[in-house]
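# Geometric and topological summary
So the chains spell out like this:
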Amino acid sequence: MQVLNSFSKTRLAWLLLLLSIIFFESSALFFEHVMNLAPCVMCVYERVAMMGIGIAALIGLLAPRNGILRWIGLAGWGYGAFRGLELAYEHVGYQFNPSPFATCDLFVQFPSWAPLNHWVPWMFEAYGDCAKVVWTFLDLSMPQWLVIIFAANLIVWAVMVIAQFFGHKR
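Residues numbered from 1 in each chain as written. Predicted model: local features only at pLDDT ≥ 70, side-chain atom pairs only at ≥ 80, totals over all residues. Heavy atoms only, no water.

## As for the overall build of the protein chain
If you tally the helices and strands in the protein chain, you get seven helices and two strands. The helix and strand sequence of the protein chain, counted from the amino end, reads α-α-α-α-α-α-β-β-α. Dimensions of the protein chain along its principal axes, counting C-alpha atoms only, are 60 × 35 × 30 Å. Residues classed as buried in the protein chain amount to 40% of the 170 residues present. Long-range contacts, defined as pairs at least 24 residues apart, comprise 81% of the intrachain contacts of the protein chain with a sequence gap of at least 6. Surface summary for the protein chain: the accessible area is close to 9900 Å², and the carbon and sulfur share equals 71%. Once the 9 positive and 9 negative side-chain charges of the protein chain are each reduced to a mean point, those two points are 25 Å apart. (Helix = DSSP H or I, 4+ residues; strand = E, 2+ residues; numbered from the N terminus. Buried < 20%, exposed > 50% of the residue type's maximum accessible area, 1.4 Å probe, protein only. Contact = heavy atoms within 4.5 Å. Areas by Shrake-Rupley, 256 points an atom, 1.4 Å probe, with all protein chains shown as cover. Lys, Arg positive; Asp, Glu negative; His and termini not counted. Charge placed at Lys NZ, Arg CZ, Asp CG, Glu CD.)

## Considering the side chain of Arg70
Along the chain, the position of Arg70 falls in helix α4 (residues 67–96). Buried charged residue Arg70 carries no salt bridge. Nearest counter-charge: Glu25, at 24 Å. Contact partners of Arg70, with chain neighbours within four places excluded, come to Ser8, Lys9, Trp14, Pro64, Arg65 and Gln164. (Salt bridge = Lys/Arg side-chain N within 4 Å of Asp/Glu carboxyl O.)

None of the figures reported here should be taken as evidence of function without further support.
This is the structure we're talking about:
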């Protein structure tokens, strides 16, 4: 755990997290703009949760040895991963347990102070159906993969948080 504690205080640790988020966000944009797969409301919300982890990684990257910034980065990472897992799990429910009483919104709902779908529509506008499976890999749909990705983020995050309490012994 001391090794992970030391690693969490390096820019490399936070850069790896940021690069993984850039990969996943780029993949989402590839699916949308190259493969022409329409993102749904839940897809856009999951994208925002992923971006939250990216912002947390940037905060940690600023000064990883600064305890306050590192803890803010860890808190943002944990929150983004948890919310993303909740959203992806809900999205899987829409796809595999369809119900006329449980459907996603028709339009994304962002706060009036941050209408991301108006500011950056090519990234945050939703026009797909949440219940429709439009892509699979190894028999798992995109939201099922997102459950795995966000859960893996939460596991790594938890290990990193625990490692914070195992500093160098004197």
